[in-house]
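Descriptive analysis of the structure
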Amino acid sequence: MRCLLASAARMLLRRRPCSGPLLLLLGVAVCLFYQTLMLARNRLRSGPQRPATDVRSRKSTDEFMMMETRKFISTLETLQRETQVQMWSRKPPWRRRAVVLTGRHLASDTEVQLYQQVLQQMGYEVHMSRYAETSSVLRTNQGVSGWSLLLCLSSSERSCLRRVSFSHLQYHQKVNLIPGLMEAFSDAGGGLCHLFTRSHPTDLPMKPYSCGSTSQKLQIPQDRHSPDRAQPPDLVTMVNVYILVTSVRPLTSFLHDISVVSTNQDPRGRPMKLRDFLLQQLGPTNSHQALGQMKQVIGEVLQAAASTNEKTETVNRCVLCYQLLTFTLLFSSSITPVTVQVDTDVTFVSLSKDTFDRQITKDLILEDTLHFLLATHPHLSSEAETEGRQYGGCRGTNSRCLSEDEFLLLLQFQRQMTTSSAFQLLYPSPSSSCSSSSSSSSSSVSVSDLLIRMSRYYELQRNSSFSDGTGALTNQESAAYSSQGGAEDKGPCVDPRLRQIYTDPPLTLTPPFSPWVKEYRAEVTFDTVTVRIRPEPVSSVCRVHLDEHRGPRMANYPVGLGDSRISILVTDDAEPQPIVMTIYTVHMYRESRPSLPMFGDHVMCSFVQDCGLLVRPGRSCGLQPFIRYRSPLQTCSSGHAPGRWVVPCLSCSDNRTCDWREVAWQPDGCSHLLVDRSLLQDCMMDRKVLFIGDSTNRGMMFFLMERVNSSLEDWGKAHDTLVYRNLNRGQSLVSYSYYPQFWLEKKKRPTFRQALLQLLHRSRPLVNSDLTVLVVGGVQWLNTDHLRTVREVLDRESLSNILVVVKSLGMGFHLPVDGIRSLSLTEIQDLDNENNNIIATAKHHGYEVIDTFSITMGRYKEFLQGRCACHFHEVEKFRSSRPPDDTTSTTNETRSTRPGLSSQSAVQDTNQEAGPADTWIYHVRGAVNQVYSEILLSRLCSKTRT
């Protein structure tokens, strides 16, 4: 008698003479094991014995079988080690190549990135392509040469099945598809599973119409499959479980520890450990029974699917191919579930896309699958397989010898059973009966019998290790219990890395994401105004916070034009004060509006509002033809003259044909004069300009200072009071008070009256004429009551004749951003009405008004940094080699800055880098802010002072 393992031993003996005697003994040991199995089974099948003798005989036989199984497993382990040594000792080392067909998936999809990263870490040379027809690796030799692993992502499966000849695959090649299962669970029409068209199983715990659409809704059908009523009658549960099939004949499959659970009490799906959910709902005894019943139900369905494709599987032979399946099971007043949906992919319809739970759970299962399968790959080269076939076969057999297929399957199964993973064995079950699926003669032992005995051995080993208190992780089932929760949910954060950064829309990070890379850049288009982000840590005990120690783990970020930054803090929250372990940074750049330079003929177009945000429903939106004024325009008599934005375009029907660098604000029937610097300095002589309001008001102040001095040499994001006394060569003063101080408790916030009085006091002495200017306003806090307060305070302070300029409301808070209020369209339309009331009240008091709401309304997407999406300015920092001019520098007496979300928070840190001869200068940028700030200057200098 000669077995294939003995032949394999001789095969290795030819290449490694030193190991020949050992491997020859291994082959003999395997053959003896087969003979032992047959003797033991014949003993069990022999005639009736006396009861006591029968019990002792069966017990001794079981113990003897376990001992022989252990020897057989030891033989497999030794041969596996020898095979790996043989492979890696070759010069040059054997290079594994993986082909990933992405289908309609983008390169930025986290699933694509996951495959590429994990495979590269495992030593694979990864080739990416859309479909099999476009892959240079799969174009020749029926698509079966030059690769070791083929992964066909969703939307590319049909391409794989068309191009790749599964009957010609080599033994070392692995594909993530099993054609027989794909066909069995395909939709034969109306959701009818194809397996029901070939046979009519009446007792199969599966609804015939369970394939195709995954839009299965939670319902309460009448359970006719089991009389068991151990489950509470009011509990109806839909559970998605994820099955990994690694072989069809014989059937081997594994169950992932994570499931997605929906109930009639909570229809929203949530990922959780299946064991934990059953334990919570049913208690220890019933949960154990329910898990067993669930495995039995899935096993029966898989066996039925396998039996319908016996001939197909013989032709489409792929020894190491695998298939991930999603089984949707319904528990309704019974611990025995019914299969209501089977998908030939991992699906997560009930999980929320907004929270990224769907993609996070999917990536976790896919990564576990890769580690589980590729770590257990027998790693036999094509040369080894050729020699194995040359020496294969048996002579003078009285036993069943291993074929190449069976040898690889046993070797793979043994490795899977000893690999720590989130997968647990589903089939064959240790409780399965031997030879139940064997088609061989009674004098031989089937591979299914071997698999069952191996599973029993590992089950007995696991139970023994826990019963004696050691609790050792002896197989993948016990490892699954600790790999996804339990003790890992507590303790210190020892691995502060990120598994992935999830974003919506998906960002293309540069460099591609890797847990070891901490700095990234990403660019988004002009129309991308928000990005939802959720970083996911490698370790469940580590926590993630965005931007600050107590920040959220997931947030919706507004993306302003230009540069912005998102900081991701991985922290250890075991202590009362979180400890920052690692910081990841994503630098984002949002493009400006696409612009087409004008080289020839063009037309002028105008717009009042964007069609994406109809603030004024009765007015037109988008680009409209604009007729130029033929006669010279008169100077506008107020800062709130109605107007529109005007831009040159090739066509007013397509905003992509416009030169947006030339867009300008055009009041109806008049124009605002642009005040040159000399006139501005003259009209600012001996004047004091006081600003009270929020950061949008502060942006106008810094613009005025830069225009007067031609540069801005001092800047700060103050949230208190600023006084600049040396403006315009010391002949002008500018002061500023931040209002409202929203970060303080409501009882501790200064009232508007108090803030105004403090500003007046800090700016004294003041003249009761237009030499004193008060600019009041902000984004959306201003109302008519504030204007009445201004009148009352100025009258009481004998300043009723000063010039008051009201900056009206502005666009902002229109995006769904976490942590701050978000206005609906109706609320924004109400703001427009409130803005009109403010303008009317200001005119009634004789105040100047700048209608910033109408100006920002049409360009609401062009906001800059800030969570409110209300800032239309930002201050840039530059290094200047010239010495500061003391006569024109602006110095402040009081300033209080607070760090914000924008990248400008880094300005103070880099300020120390300047040498003794260097100074920093600043520039206020922002086209929209420039427009209404220039209107402010035109109103300040509109008439001769008295």
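This section reports on the structure supplied with the text. (Residues numbered from 1 in each chain as written. Predicted model: local features only at pLDDT ≥ 70, side-chain atom pairs only at ≥ 80, totals over all residues. Heavy atoms only, no water.)

Focus: the overall build of the protein chain
A count of helical and extended segments in the protein chain gives 23 helices and 32 strands. Burial analysis of the protein chain (946 residues in total) assigns 55% to the buried set. A separation of at least 24 residues holds for 74% of the contacts in the protein chain among residues at least 6 apart in sequence. On the protein chain, roughly 41700 Å² of surface is accessible, and the fraction owed to carbon and sulfur atoms is 50%. (Helix = DSSP H or I, 4+ residues; strand = E, 2+ residues; numbered from the N terminus. Buried < 20%, exposed > 50% of the residue type's maximum accessible area, 1.4 Å probe, protein only. Contact = heavy atoms within 4.5 Å. Areas by Shrake-Rupley, 256 points an atom, 1.4 Å probe, with all protein chains shown as cover.)

As for the state of the cysteines
Within this structure, the stated rule accounts for nine disulfides. Sulfur-sulfur distance for the disulfide between Cys611 and Cys621 comes to 2.2 Å. The sign of the 95 degrees torsion about the S-S bond sets the Cys611-Cys621 disulfide as right-handed. With Cys611 in the loop between strand S19 (603–607) and strand S20 (624–625) and Cys621 in the loop between S19 and S20, the pair connects residues that are 10 residues apart, well separated along the chain. Under the relative-accessibility criterion, Cys621 is labelled partly exposed at 23%. One disulfide in the model links Cys868 with Cys870; its S-S distance is 2.0 Å. On the sign convention where negative means left-handed, the S-S torsion of about -70 degrees between Cys868 and Cys870 marks this disulfide as left-handed. (Disulfide = S-S within 2.5 Å.)

Things to note about the nonpolar core
Phe691 and Val806 are the most contacted members of the largest nonpolar core, which has 97 residues in total. Residues within four places of Val806 in sequence aside, it is in contact with Val776, Leu782, Leu787, Ile838, Ala842, Tyr847, Glu848, Val849 and Ile850. Ranked by size, the runner-up nonpolar core spans 59 residues in total, among them Leu150, Leu181, Leu204 and Met206. (Core = buried A, V, L, I, M, F, W, Y, C linked by side-chain atoms within 4.5 Å.)

Notes on the sheet that holds strand S22 (residues 643–649)
Judged by pairing direction, the sheet is antiparallel, and its four strands sit side by side in the order S20-S19-S22-S23 without closing on themselves. Sheet topology places S20 and strand S23 (664–667) at the edges, where each strand pairs with a single neighbour. (Pairing = 2+ DSSP bridges.)

With respect to the side chain of Glu934
You can see Glu934 is positioned in helix H23 (residues 927–940). Note on Glu934: relative accessible area 12%, which makes it buried. Beyond its immediate stretch of four places on either side in the chain, Glu934 contacts Leu674, Phe703 and Arg707.

What about the packing of aromatic side chains?
A full pass over the atoms with the stated rule returns 16 aromatic pairs. Between the aromatic rings of Phe254 and Phe372, the centroid separation amounts to 5.1 Å while the plane-to-plane angle is 70 degrees, which identifies the pairing as edge-to-face. Linking Phe254 in strand S6 (residues 252–256) with Phe372 in helix H10 (residues 357–374), this pair joins segments that are 118 residues apart in sequence. You'll find Phe254 and Phe372 in the same group, each marked buried. Relative to Tyr520, the ring of Phe513 has its centre 5.8 Å away and its plane inclined at 25 degrees; by these criteria the two rings are stacked. Judged by relative accessible area, which is 1%, Phe513 ranks as buried. When its relative accessible area of 1% is taken as the criterion, Tyr520 is described as buried. Feature note: the residues Phe254, Phe372, Phe413 and Phe423 constitute an aromatic cluster, connected by ring pairs. Taking the ring centre of Tyr124 as reference, the NZ or CZ of Arg96 above it sits at 4.3 Å. (Phe/Tyr/Trp six-rings, centres within 6.5 Å; stacked < 30°, edge-to-face > 60°. Lys NZ or Arg CZ within 6 Å of the ring centre and 35° of its normal.)

Re the pattern of salt bridges
In the structure shown here, the tally under the stated rule is 27 salt bridges. Of the charged contacts, one joins Arg97 and Glu125 as a salt bridge, the two residues approaching to 3.3 Å between their closest N and O atoms. On the criterion of sequence distance, the pair formed by Arg97 in strand S1 (residues 96–101) and Glu125 in strand S2 (residues 124–129) is long-range, its members being 28 residues apart. A relative accessible area of 29% places Arg97 in the partly exposed class. A relative accessible area of 27% places Glu125 in the partly exposed class. The closest approach of N and O atoms between Glu111 and Lys362, which form a salt bridge, is 3.0 Å. On the criterion of sequence distance, the pair formed by Glu111 in helix H4 (residues 110–121) and Lys362 in helix H10 is long-range, its members being 251 residues apart. Judged by its relative accessible area of 5%, Glu111 falls in the buried class. (Salt bridge = Lys/Arg side-chain N within 4 Å of Asp/Glu carboxyl O.)

Some thoughts on the packing of helix H16 (residues 695–709) against H23
Where H16 contacts H23, the axes come no closer than 10 Å and their chain directions differ by 65 degrees. Considered as vectors, H16 and H23 are oriented roughly perpendicular to each other. Handedness of the crossing formed by H16 with H23: right-handed. Counted together, Gly699, Met700, Phe703, Leu704 and Arg707 of H16 and Asn929, Gln930, Tyr932, Ser933, Glu934, Leu936, Leu937 and Leu940 of H23 form the full contact between these two elements. Among the residues making up the contact of H16 with H23, the classes are represented as seven nonpolar, four polar and two charged. (Axes fitted to C-alpha atoms, helices over the stretch in contact; angles between N-to-C directions. Parallel < 35°, antiparallel > 145°, perpendicular 65-115°, else oblique. Left-handed = near helix turned anticlockwise from the far one by under 90°. Nonpolar A, V, L, I, M, F, W, Y, C, P; charged D, E, K, R; others polar.)

Here's the deal with unusual backbone geometry
The omega angle of the peptide bond from Tyr739 to Pro740 is 0 degrees, so this bond is cis rather than trans. With respect to the helices, strands and loops of the structure, Pro740 is situated in the loop between strand S27 (732–738) and helix H18 (752–763). The linkage connecting Arg764 with the following residue, Pro765, adopts the cis geometry, with an omega of 5 degrees. Tracing the backbone through its elements, the reader meets Pro765 in the loop between H18 and strand S28 (772–777). Non-glycine residue Ser710 carries a positive phi angle of around 70 degrees. With respect to the secondary-structure elements, Ser710 resides in the loop between H16 and strand S26 (721–726). If you check the backbone angles, Asn728 has positive phi at about 60 degrees while not being a glycine. Checked against the element boundaries, Asn728 lands in helix H17 (residues 727–730).

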